[in-house]
Amino acid sequence: MSDFDIVVIGSGPAGQKAAVQAAKAGKQVALIERDALLGGACVHRGTIPSKTLRENALRVNNMRKNATLFQFKLSEDLEMATLIDRLDDVMKSHDEYMRRQIDRNAIKRIHGRARFLSPNEVEVTSVRGKKQVLNTDYVVIATGSFPRKPEQVPIDHENIFDSDSVLSMLYLPKSLAVLGGGVIASEYASIFQALGVRVIMIDRYPRPLGFLDKDLTDNFVNAFQDMGGVWMGNSVVKKVCFDGVNDVITELEDGRTIITQKLLCAAGREANVKDLDIDNAGLALDERGVIPVDGQLRTRVPNIFAAGDVIGPPSLASASMEQGRRAACNVIGLEVGSMPEMIPVGIYGVPELSSVGMTEQEARKAHGQIIVGRAPFSEIARGHISGNQDGMLKLVCDAEGRRLLGVQIVGEEATELIHIGQMALLSKSDVDIFVESIFNFPTLAEAYRVAALAVIGQRARRNSVY
Ligand SMILES: Cc1cc2nc3c(=O)[nH]c(=O)nc-3n(C[C@H](O)[C@H](O)[C@H](O)COP(=O)(O)OP(=O)(O)OC[C@H]3O[C@@H](n4cnc5c(N)ncnc54)[C@H](O)[C@@H]3O)c2cc1C
């Protein structure tokens, strides 16, 4: 007989939700975590730390906008610890909350590093080197990801950082090169620029965040450059080195050289199966470097499931939680269907960006003629009141101007506002729902109504022509 029904490896968003879901169904569950604190990259090196820094960057940015009023100037040699002052409290409360939740659900918490001996045997090595072997019917692998290290970028975590180490910088640097144009690169580049660091973003593609609607990326690049940042697209990095004294030198393939005090390499993430010996379980990474799973999140070994960053995109905490929960449901045999396709994307840059459903470009490709309605925050009363006038909400509709296909938002609160559009998309509502409903006033959500009226206006004009 097995020691456990399910062993979950990793306590990030995916592992935590998998363990809790399985335990709530009455299963004997073990949760193995090698870090001292629970919560995974999400709590300790990713989502929560970067958003904590962002909160303070926004405050600094607002103060700077009102500099003449407050005579505001950041002190030289500002310590990073000051800028992420509440982070320790946030992380400890999260760890405590998770510990209580796991204990309450009678999940066996095991602190140690897991590796497979076979598909049904997981060995755990404690920090003191003590080993124990757990026999289990099922395993959920939720070991997350780690930053990719391009060979031309010698990350030393003192001058040249990756996204796991960037917040361990002691002082706010005067200048920072950010390599990459993805979500993590864009978030950190705009956050540090808002803090007054001179940031240069370098990427091989012409635009950052190429998967987003072009209106959103244009707005992001303009806002970044208005704050003083430099976007260098179409630029391939040849070599990076620390000059041994003060600066990091980045050489581009076209011969240009960029000198900055520090560098952040945010060139994607890789599935974390280090030390896991997945081959002992009969598993291997696929050509994309992730653990392949089917629609049920089952690997090619029938009793092993995987969820979260370890299975690849979208690599979001939000999606990882749902994958973890679903993996456990599938183990138990609870019917959950397939994962929803409509997953909202939230990017906590300065400004915030959020998207759900189709972009304007995708909709044009799929539906030919479409109708788009825009609502600049500068036309929304709440935008005037709160000083958030730099955003925009955009509704993408079919050619009739009736069915909603996608919602795109840039500006403060974008990641919250998107959920109204997400619900309308999920319930397959017509765009008219935003005009027929009464929204609180004054709110930024009113932008839905304004954009919907813009769509309906175009619809009326189009119909009168035919
Ligand atoms: C800078 C940054 C910002 C981000 N911002 C956002 C955001 O705003 N919104 C969002 O939705 N997502 C965001 N993400 C992504 C999000 O953090 C990840 O998608 C999420 O953490 C993945 O969850 P996970 O459970 O798969 O893995 P993780 O959170 O990586 O957890 C994996 C856990 O497994 C443990 N582990 C690994 N190997 C072993 C082993 N052999 N034995 C025992 N334990 C092991 C690790 O210690 C870790 O605790 C961000 C990521 C980064 C890096």
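Residues numbered from 1 in each chain as written. Predicted model: local features only at pLDDT ≥ 70, side-chain atom pairs only at ≥ 80, totals over all residues. Heavy atoms only, no water.

## Looking at the environment of I84
You can see I84 is positioned in the loop between α5 (80-83) and α6 (87-104). With 47 residues separating them along the chain, I84 and K131 place their C-alpha atoms 37 Å apart. When sequence neighbours within four positions are dropped, the list of residues in contact with I84 reads P49, L53, N56 and L167. (Helix = DSSP H or I, 4+ residues; strand = E, 2+ residues; numbered from the N terminus. Contact = heavy atoms within 4.5 Å.)

## Examining the sheet that holds strand β14 (residues 257-260)
The 3 strands are arranged β12-β13-β14 in an open sheet whose pairing can be described as antiparallel. Edge positions in the open sheet fall to β12 (237-242) and β14, since each of these has one partner strand only. Going across the sheet, the axis of each strand differs from the next one's by a mean of 15°, ignoring polarity. Pairing analysis gives 4 bridges linking strand β13 (residues 248-252) to β14, with the strands arranged antiparallel. (Pairing = 2+ DSSP bridges. Axes fitted to C-alpha atoms, helices over the stretch in contact; angles between N-to-C directions.)

## Considerations on the packing of aromatic side chains
Taken as a whole and judged by the stated rule, the model has 4 aromatic pairs. A ring pair is formed by F434 and Y448, whose centres lie 4.8 Å apart and whose planes are at 35°; its orientation type is tilted. Linking F434 in helix α13 (residues 433-436) with Y448 in helix α14 (residues 446-465), this pair joins segments that are 14 residues apart in sequence. Between the NZ or CZ atom of K274 and the centre of the ring of F146, over which it lies, the distance is 4.3 Å. (Phe/Tyr/Trp six-rings, centres within 6.5 Å; stacked < 30°, edge-to-face > 60°. Lys NZ or Arg CZ within 6 Å of the ring centre and 35° of its normal.)

## Observations concerning the side chain of N56
Along the chain, N56 turns up in helix α3 (residues 47-65). Non-local contacts of N56, meaning those with residues more than four positions away in its chain, are made with T82, L83, I84, D85 and L195.

## With respect to the site of the ligand
Around the ligand sit 37 residues, and of these E33, K51, A114, D309 and A317 come closest. Taking T47, its side chain carries an N or O atom lying 3.1 Å from an oxygen atom of the ligand. Side-chain polar atom of K51 to an oxygen atom of the ligand: 2.8 Å apart, as the coordinates give it. In isolation the ligand exposes 1,000 Å². Once the protein is present, 96% of that is buried. (Near = heavy atom within 4 Å. Polar contact = N/O pair within 3.5 Å; in protein donor to acceptor, adjacent residues only side chain to side chain. Areas by Shrake-Rupley, 256 points an atom, 1.4 Å probe, with all protein chains shown as cover.)

## Let's talk about the domain arrangement of the protein
One can read the domain layout of the protein as domain 1 (4-146 + 270-332), domain 2 (160-267) and domain 3 (351-464). Centre-to-centre separation of domain 2 and domain 3, based on C-alpha positions: 31 Å. Counting residues at the interface gives 10 residues for domain 2, matched by 14 residues for domain 3. Across the domain 2 to domain 3 interface the summed buried area is about 930 Å²; carbon plus sulfur atoms make up 61%. For the domain 2 face of the interface with domain 3, the top three residues by lost area are D213, D215 and L216, together amounting to 53%. The tally of links between domain 2 and domain 3 comes to 3 salt bridges. Of the charged contacts in the structure, one is a salt bridge between D215 and R374, with a shortest N-O distance of 2.9 Å. At the junction of domain 2 with domain 3, the criterion picks out 5 residue pairs in polar contact (both at pLDDT 80 or more). Of the residues assigned to the side of domain 2 that touches domain 3, the class counts are 6 nonpolar, 1 polar and 3 charged. (Domains from an automatic or database assignment. Buried area = accessible area lost by both parts, 1.4 Å probe. Salt bridge = Lys/Arg side-chain N within 4 Å of Asp/Glu carboxyl O. Nonpolar A, V, L, I, M, F, W, Y, C, P; charged D, E, K, R; others polar.)

## Some details on the sheet that holds strand β11 (residues 230-232)
Spatial ordering of the open sheet is given by β8-β15-β9-β10-β11, a layout of 5 strands whose pairing is parallel. Edge positions in the open sheet fall to β8 (160-162) and β11, since each of these has one partner strand only. On average, each strand axis in the sheet is tilted by 20° relative to the strand beside it, whichever way the strands run. Summarising the sheet, β8 and strand β15 (residues 262-265) pair through 3 bridges and their orientation is parallel. From the neighbouring strand, D162 faces β15, where its bridge partner is C265. Helix-sheet contacts for helix α7 (residues 183-194) involve β9 (175-179), β10 (198-202) and β15, and the interaxial angle to β10 is about 160°. The sheet strands contacting helix α8 (residues 214-226) are β10 and β11, and the helix crosses β11 at an angle near 130°.

## Notes on the UniProt feature "domain: Pyridine nucleotide-disulphide oxidoreductase dimerisation" (unreviewed entry) in the protein
In this numbering, the UniProt entry assigns the feature "domain: Pyridine nucleotide-disulphide oxidoreductase dimerisation" (unreviewed entry) to residues 343-451. In the segment residues 343-451, helix accounts for 34% and strand for 25%; the C-alpha atoms at its two ends are 22 Å apart. (UniProt positions renumbered as here; feature names shortened; annotations may be inferred.)

## Thoughts on the pattern of salt bridges
Within the structure shown, the criterion is met by 26 salt bridges. A salt bridge links R100 to E96; its shortest N-O distance comes to 3.9 Å. Here the residue R100 and the residue E96 both occupy positions in helix α6, the gap between them amounting to 4 residues, near one helical turn. The exposure class of R100 is exposed, given its relative accessible area of 51%. Three or more residues are tied together by salt bridges with common partners; here these are D213, D215, E360, R364, R374 and K394. (Buried < 20%, exposed > 50% of the residue type's maximum accessible area, 1.4 Å probe, protein only.)

## Some details on the packing of helix α1 (residues 13-24) against helix α9 (residues 317-332)
At a minimum axis distance of 7 Å, the contact between α1 and α9 shows a crossing angle of 35°. By crossing handedness, the relation of α1 to α9 is classed as right-handed. Across the interface between the two elements, P13, A14, K17, A18, Q21 and A22 of α1 pack against A317, S320, M321, G324, R325, A328, C329 and I332 of α9. Residue classes in the contact of α1 with α9 are distributed as 9 nonpolar, 3 polar and 2 charged. (Left-handed = near helix turned anticlockwise from the far one by under 90°.)

## Remarks on α9
Think of an α-helix as 3.6 residues a turn; residues three or four steps apart then line up on the same face. Given a rise of 1.5 Å per residue, 16 residues ought to cover 22 Å, and the 23 Å separating the end C-alpha atoms of α9 matches this to within 8%. What α9 keeps buried is the set A317, A319, S320, Q323, G324, R326, A327, A328, C329, N330 and V331. Here the buried face of α9 lies against β1 (4-9), α1, α2 (40-44), α3, β6 (131-141) and β17 (304-306). (Expected span 1.5 Å × (residues − 1).)

## Remarks on the side chain of D162
Among the secondary structure elements, D162 is positioned in strand β8. Given the relative accessible area of 2%, D162 is considered buried. Within polar-contact distance, the side chain of D162 engages the backbone nitrogen of D164 at 3.0 Å. Within the structure, the side chain of D162 is placed 3.0 Å from the backbone nitrogen of S165, a separation counted as a polar contact. For D162, the contacting residues outside a window of four places in its chain are P147, K149, I155, H157, L264 and C265.

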